[in-house]
Amino acid sequence: MRLTVTLLVLIAGTVLLGAWCPQESQVGQEKVIEQFGADFALTLHNLGIADIFHTPWFLSLIALLTVNMVACSVQRVFPKVRSLKQQMPYLKGEAIEKLAFSSKLAVPLSPQSGLAVLDAQLRRAGYKTSSNGTRLVAEFGKFGRLAPTVTHIGLLTLLAGVTISSWTGFSGFQMIPVGGSLHFGSSEHSKLWIGTLPEWRVVVDQSRREDYETGEPKQWYSDLTVVDGGVPVKKQQISVNNPLSYKGVDIYQSSWALDSIRLRFNGKERRLGLRQMGRLQAAFLPLEAGTILIFSVRNQTQPVRVFAKTPAWDAPRMLNQIELGKSIKLGNVEVTYAGLIPLTGLQYKCDPGLPVTYVAFGFIILGVLLAAVPHRQVWACGQEASNSQGGSALLTAGSNGDERHGSELEVGALATVGASSATRAELGSSGLAEASSSALTDTILSVQADNHVAARLGLNAGSTSEGANGCTLFVGGISRKARTAFERGLAKVLERVKEEVGETT
Amino acid sequence: MSELQLALTNTAGISSVMSFWVFVGSNVSRRWRELLVKIAVVVMVVGFAALTIAIVARGIEAQRFPLANLYESLLWFAWAVMGGYLLLQRSYGLHQFGWLASLTAATFFLYGSWLPASQHDITPLVPALVSYWRQIHVPPLLMSYASFFLSGLAGLAQLWQSGRIRSVGWALAALAMAATAIGLGTFTSVDTFWLQGLFVGGSIAGLTGAWLSLKHVSAKRVNPKAAELYDDVAYRCIQIGFPLLTIGIITGGLWANHAWGTYWSWDPKESMALVTWLSYAAYIHLRIHRELSAEKLSVVTAAGMLLTLLTYLGFNSLGFGGLHSYGKFK
C-alpha cells in the first residue's frame, strides 16, 4: 500500500518534470535549446528529462506500478466483489450501541411494530432493508463498494489496450501537395511491432481553407480518394475533427498551408513556391538586373497582387492585380493566374488496441462515478423492555463505510470495543477495511462509539424510559464517505419515526 | 459583450464580494451572526443566479457553447465554486466556510476582469475548437477544479479548527506565492523562469512548513466537531471532483483521438492533469487505508489545490506552452 502511494507520487513527480520541460520526442531538440540555452538543454538531455517518457526510470516506475496494481487487485480489490453477496449480520442491542453512530429512541410499540415503522422510514430514505422480526439491517449504495474493483479492472484493461496499440499500431504525418498521395512506408511504430504496413495509398484531389470574415482560419478541407490495388475505392472530404477511415486506418486533417502559386507566362506554366509574409503568402520571381517580381496572395479566392522591386526603389511597388483565371499584360508578357496549390497536413494512424482502450475508459469512468456513491449501513434492534421499564427499546445504529462486516463476525466480540475518541485523527485508525488483515479487526475498529453525535442530536441517554410502553432509540455513526450527510439523514429518519409513533419519556 | 451580459457578470462579481464581507461581518456580533450568514448566503444565491444567466446569455449571443477562452473558463470556475458552496451549505450547514468560497469566486472574477478586452469579447473559434467535444470535455474539468479548490479550502478550515494555526499560515503563504506568480505571469512580462521558481519553490516551501508545523497545536482553538465536519467536506469534494477530472481527461482523450488520431500525446496540460489525477488517486488510497491523520490529509488537500491551480492557470500563465492555451492575451 505504501508502495502504491510512493509510486503514484514518484510518477506524478516525473510527469510534472515532463510537463515542464518540452519533450524532444514531440517538439524536437531545437525547441528545448531555444527555451533553456544550449548548455542547460544538453544537461536536460543527458539527464533524460528532455525525453522523460522514454527513460528507463519512467518505464520501470510504470512497470512497478503495473505489477503492484495487478497484485493489489487480485489480492484485495477483486475479492471485495464477494462481500456484496454477504448478508449483514443481525446485531443485538449492546453491539449496536457500540457502533460509531448510535442512538436510542423509546417508542410505545412492540419491538416488531417499532421495527416495521423504522423499516418503512428507512425505505423511504432509500435504504434496502431486511428484518428477522426483532432485528433489522439496512443498506444504502451497496454497489458503491464495487468502485475500486471496477476502476482497477478499467486501469488493467487500459494497460492491455495500450500494449496492443504499441505492438500492432502505426502512425505518421505527411504534408502532401494537392495531386500528391499518401503512403504508409515511413510510418512510426514501436520496436516490438507485429504486422505489415498497408499497400494502398490516398490521393489528395483537392484541398481548401475556409476563413472567418476576419481572415482567421475557420476550417480546412481535403478531398481524398483511397486507391487500393490501382482502383479508386473510396472518396471522402475530410476536415479537422472529421477524419476518413479505411481498413482500420484513420486519416486526419491536422494542418494546412499554401505550397505554391501557378502562373502562366505567355501560356507557359510555372510554379513558384510561396513563403509566409505575416498574414499573406508571397512568391518571388527574380528577373534580370536585380529586379524582382513579387506575387502576394491572401487566400485561394482573392486576386493575386503583383509587385515589383528594382534596385532604384526603396520598397516594392504594386503593379497590378490578377483575378483567379484572368490575365494581365506586363510589358509584352501576358501573365495568367491559374490558381494556388495547397499543402495539406495529414495525420494517419492505425490502432487495433483502441476498442480495448475505449472499454477501459468506460470501466474507469463507471468506477470513479461509483466511488462517489457512499455506502451506508444501518442496524436496528427492538428489545422488549424489562418490567421496570415497560414497553420496548428500539435500537438502531449505523455504519457508513467500506468496512467488511463479514457474517462470520462474532457479534459478541463487538462488546470488547473501547470507547470512542472524538477526533477524526484517532478515528482515522478505525474502519481500515482494506488494510487490516481480518474482517473481525475491521469491524471492531469501525465500531467505536461517538457520543458527540448522539449528544448533539439530543436523543441520547437520559431519555431512557421508566414508565410503561417506554422505549429508547440509540443513534450514532461512523462513515467514510459523506459521513455528516449520513448522520444527518439517519437522525432525520429517527425524527420521522418519532413523529409517527410518538416518543415515550 | 452586450450591456445585459456585462450587467449580469458585474452583478455576480459584486455579489461575491458583498457576500464575502457579510460573511466576515457575521463574526463581529454573536447576536446578528445567524441573520448575517443567511443574508450572505442569499447574496451568494443572487450572484450565482446572475452568473448562470450571464453564461447562458453569452452562449446565445455567441451562438456557441460559451466556454472557449480563459475569461469564459473563469466565469465557469467561479460559477462552479459558488454553486458548489451553495450545495455544501445546504447539505452540511457550513457557515464560516462561506467567506472562503466567496473570496475565491471574487478573486477569480477580479482576475477575469483584469484580462484584456480581447478575452472579454466574443471571438470566433479556431479550427481545433470547432467540435461538439468541446462542451463534453471542458465543463467537467472546470467543475473538478472547483471541487478540488473547495476541498483544499475545507482542508485549510479543518487545519484551523484543529488548532493548526501555523500550518494554515504556511499553506496560505504557499497559496499567496502561487497566486502572485500567476498574477505576474498573466499581466507582466517577468521572465517565466523566475515565476515558475516562485510557484514551485513557494509551494514546496509552504507545504513543507505546513507539514512540519502540524505538531504546534493551539489548544484553545481546537474544535473537534468542526474539524471533523471539514474533514468530511474535504473528502466529499474530492469524491465529486475526482470522477469529474477522470471524465474530463478521458473525454479529452476521446476528442484528441477523434481529431488527431491519438488519445494521449504528453501535451504539457495533459501531463499536468495526469499529475493532478495521480495525486488525488494517492490521496484516495491514503484515505482508504487510513495511513495519515486528518490533519496530514488536509495538508495533502492543500497540495492538491496548488496542483489544481498549476494545472488550470499555472500552465498558461507561467509559459509552459502546449496545445491547451486559452488564446494569447499578453
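Parameters at a glance
- Residues numbered from 1 in each chain as written.
- Chains lettered and ligands numbered in written order.
- Predicted model: local features only at pLDDT ≥ 70, side-chain atom pairs only at ≥ 80, totals over all residues.
- Heavy atoms only, no water.
- Helix = DSSP H or I, 4+ residues; strand = E, 2+ residues; numbered from the N terminus.
- Buried < 20%, exposed > 50% of the residue type's maximum accessible area, 1.4 Å probe, protein only.
- Contact = heavy atoms within 4.5 Å.
- Areas by Shrake-Rupley, 256 points an atom, 1.4 Å probe, with all protein chains shown as cover.
- pLDDT = per-residue confidence, 0-100.
- Pairing = 2+ DSSP bridges.
- Axes fitted to C-alpha atoms, helices over the stretch in contact; angles between N-to-C directions.
- Expected span 1.5 Å × (residues − 1).
- Core = buried A, V, L, I, M, F, W, Y, C linked by side-chain atoms within 4.5 Å.
- Buried area = accessible area lost by both parts, 1.4 Å probe.
- Polar contact = N/O pair within 3.5 Å; in protein donor to acceptor, adjacent residues only side chain to side chain.
- Nonpolar A, V, L, I, M, F, W, Y, C, P; charged D, E, K, R; others polar.
- Salt bridge = Lys/Arg side-chain N within 4 Å of Asp/Glu carboxyl O.
- Phe/Tyr/Trp six-rings, centres within 6.5 Å; stacked < 30°, edge-to-face > 60°.
- 1 Å grid on protein atoms, 1.4 Å probe; cavity = no way out; pocket = protein on both sides within 12 Å on 5 of 7 lines; lining within 4 Å.
- Points joined across faces, edges and corners; volume = space filled by probe spheres on them.

Remarks on the overall build of chain A
Item 1. Secondary structure summary: chain A contains 14 helices and 21 strands in total.
Item 2. Out of the 505 residues in chain A, the part that is buried amounts to 49%.
Item 3. In chain A, the proportion of contacts linking residues at least 24 apart, taken out of those at least 6 apart, comes to 64%.
Item 4. If you sum the accessible surface of chain A, you get close to 23,200 Å²; carbon and sulfur atoms cover 56% of it.

Examining the confidence of the model for chain A
Residues and elements named next belong to chain A.
Item 1. On average, residues of chain A carry a pLDDT of 76, and 80% of them reach 70 or more.
Item 2. Summarising per-element confidence for chain A, the mean pLDDT is lowest in helix α11 (residues 424-427) (34) and highest in helix α10 (residues 354-371) (92).
Item 3. In this model, residues 402-468 is a region of pLDDT below 50 whose contacts with residues beyond four sequence positions or in other chains number 165 contacts.

Section: the sheet that holds strand β13 (residues 280-286) of chain A
Residues and elements named next belong to chain A.
Item 1. Spatially, five strands are ordered β12-β13-β14-β15-β16 in an open sheet, and the strand pairing comes out antiparallel. Looking at which strands have only one partner, the edges of the open sheet turn out to be β12 (275-277) and β16 (317-322). The mean inter-strand angle of the sheet, taken between neighbouring strand axes irrespective of direction, is 35°.
Item 2. One ladder, built from five bridges, connects strand β15 (residues 304-309) with β16; its direction is antiparallel. Across the sheet, A308 pairs through a bridge with R317, a residue of β16.

A few points about helix α4 (residues 98-114) of chain B
Item 1. Between its terminal C-alpha atoms α4(B) stretches 24 Å, which fits the 24 Å expected from 17 residues at 1.5 Å a residue.
Item 2. Taken together, the buried positions of α4(B) are occupied by B:G98, B:L100, B:A101, B:S102, B:T104, B:A105, B:A106, B:F108, B:F109, B:Y111 and B:G112.

Some words on the sheet that holds strand β7 (residues 217-228) of chain A
All names here are of chain A.
Item 1. The four strands lie next to each other as β5-β6-β7-β8, forming an open sheet whose pairing is antiparallel. Bordering the open sheet on either side are β5 (181-182) and β8 (231-239), each of which pairs with just one other strand.
Item 2. In this structure, β7 lies alongside β8, joined through eight bridges in antiparallel fashion. Residue pairing in the sheet places T225 in a bridge with K235 of β8.

Overview of the nonpolar core
Item 1. Residues B:F77, B:F97, B:L309 and B:L313 are the most contacted members of the largest nonpolar core, which totals 131 residues.
Item 2. Leave out the neighbours within four places in its chain, and B:F97 touches B:Y85, B:L88, B:L150, B:L153, B:A154, B:A157 and B:Y230.
Item 3. Grouped together as the second largest cluster of nonpolar side chains are 22 residues, A:L258, A:L263, A:V297 and A:L340 included.

Overview of the interface of chain A and chain B
Item 1. With 66 residues of chain A at the interface, the matching set in chain B holds 60 residues.
Item 2. Both sides together, the interface formed by chain A and chain B hides about 5,400 Å², and carbon and sulfur atoms give 63% of it.
Item 3. Where chain A packs against chain B, one counts nine residue pairs in polar contact (both at pLDDT 80 or more).
Item 4. With 11 residues, the top contributor of residues to the side of chain A that touches chain B is helix α1 (residues 2-20) of chain A.
Item 5. Of the residues in the side of chain A that touches chain B, the class split is 38 nonpolar, 15 polar and 13 charged.

What about the pattern of salt bridges?
Item 1. Taken as a whole and assessed by the stated rule, the structure comprises 16 salt bridges over all chains.
Item 2. Linking A:K218 and A:E210 is a salt bridge whose minimum nitrogen-to-oxygen distance equals 3.9 Å.
Item 3. Between B:E228 and B:K225 there is a salt bridge, and its shortest N-O distance comes to 3.9 Å. You can see B:E228 and its partner B:K225 sitting in helix α9 (residues 224-260), three residues apart, about one turn around the helix.
Item 4. Under the relative-accessibility criterion, B:K225 is labelled partly exposed at 25%.
Item 5. The network of salt bridges with common partners includes A:R208, A:E210 and A:K218.

Some remarks on the packing of aromatic side chains
Item 1. Overall, the coordinates contain 33 aromatic pairs over all chains when judged by the stated rule.
Item 2. Judged by centre distance (5.7 Å) and plane angle (85°), the rings of A:F58 and B:W266 are edge-to-face. With A:F58 in helix α5 (residues 56-77) and B:W266 in the loop between α9 and α10 (268-289), the pair connects residues from two separate chains.
Item 3. The buried category is assigned to A:F58, whose relative accessible area is 4%.
Item 4. With a centroid separation of 4.9 Å and an interplanar angle of 80°, the aromatic rings of A:F184 and A:Y348 are classed as edge-to-face. Of this pair, A:F184 sits in the loop between β5 and β6 (201-211) while A:Y348 sits in strand β18 (residues 333-350), and the two are 164 residues apart along the sequence.

Notes on the pairing of β7(A)
Residue and element names in this part refer to chain A.
Item 1. In the sheet, β6 pairs with β7 via 10 bridges, with the strands oriented antiparallel. Each residue of the ladder has a partner; that of V202, found in β7, is V226.
Item 2. Here β7 folds back onto β8 in antiparallel fashion, the turn holding two residues, of which G229 has a positive phi close to 60°.

Focus on unusual backbone geometry
All names here are of chain B.
Item 1. Even without being a glycine, Q63 presents a positive backbone phi close to 60°.
Item 2. As for its placement among the helices and strands, Q63 is situated in the loop between α2 (33-62) and α3 (70-92).
Item 3. Even without being glycine, W266 reaches a positive phi, approximately 55°.
Item 4. Taking the relative accessible area as the measure of exposure, W266 reaches 21% and is therefore partly exposed.

A word on helix α8 (residues 192-212) of chain B
Item 1. Relative to the 30 Å expected for 21 residues at 1.5 Å per residue, α8(B) spans 30 Å between its end C-alpha atoms, a close match to the ideal helical length.
Item 2. What α8(B) keeps buried is the set B:L195, B:Q196, B:F199, B:G202, B:S203, B:G206, B:L207, B:G209 and B:A210.
Item 3. Those residues of α8(B) that are buried lie in contact with α1 of chain A together with α7 (165-187) and α11 (294-317) of chain B.

Thoughts on the layout of surface pockets
With a probe scaled to a water molecule rolled over the atoms, the places where space remains empty come into view.
Item 1. When its volume is computed, the second largest pocket comes out at roughly 1,100 Å³.
Item 2. Considering the residues around the second largest pocket, the lining is formed by 35 residues, among which A:L16, B:I204, B:L207, B:A303 and B:L307 are closest to the centre.
Item 3. Secondary-structure elements contributing two or more residues to the lining of the second largest pocket are α1 of chain A together with α8, α10 and α11 of chain B.
Item 4. Ranked by the residues each element gives to the lining of the second largest pocket, the list is headed by α8(B), at 10 residues.
Item 5. For the lining of the second largest pocket, the residue count by class is 28 nonpolar, seven polar and no charged.

Structural notes on the side chain of A:T310
Item 1. Residue placement: A:T310 occurs in the loop between β15 and β16.
Item 2. Each residue touching A:T310, except ones within four places of it in the same chain, is listed here: A:G290 and A:T291.

Some details on the side chain of A:T344
Residue and element names in this part refer to chain A.
Item 1. Relative to the helices and strands, T344 is located in strand β18.
Item 2. Within the structure, T344 has its side chain in polar contact with the side chain of S222 (distance 2.8 Å).
Item 3. A distance of 2.8 Å separates a polar atom in the side chain of T344 from a polar atom in the side chain of Q253.
Item 4. Dropping the residues within four chain positions of it, T344 is found in contact with Q174, M175, I176, V204, S207, S222, Q253, S255 and W256.

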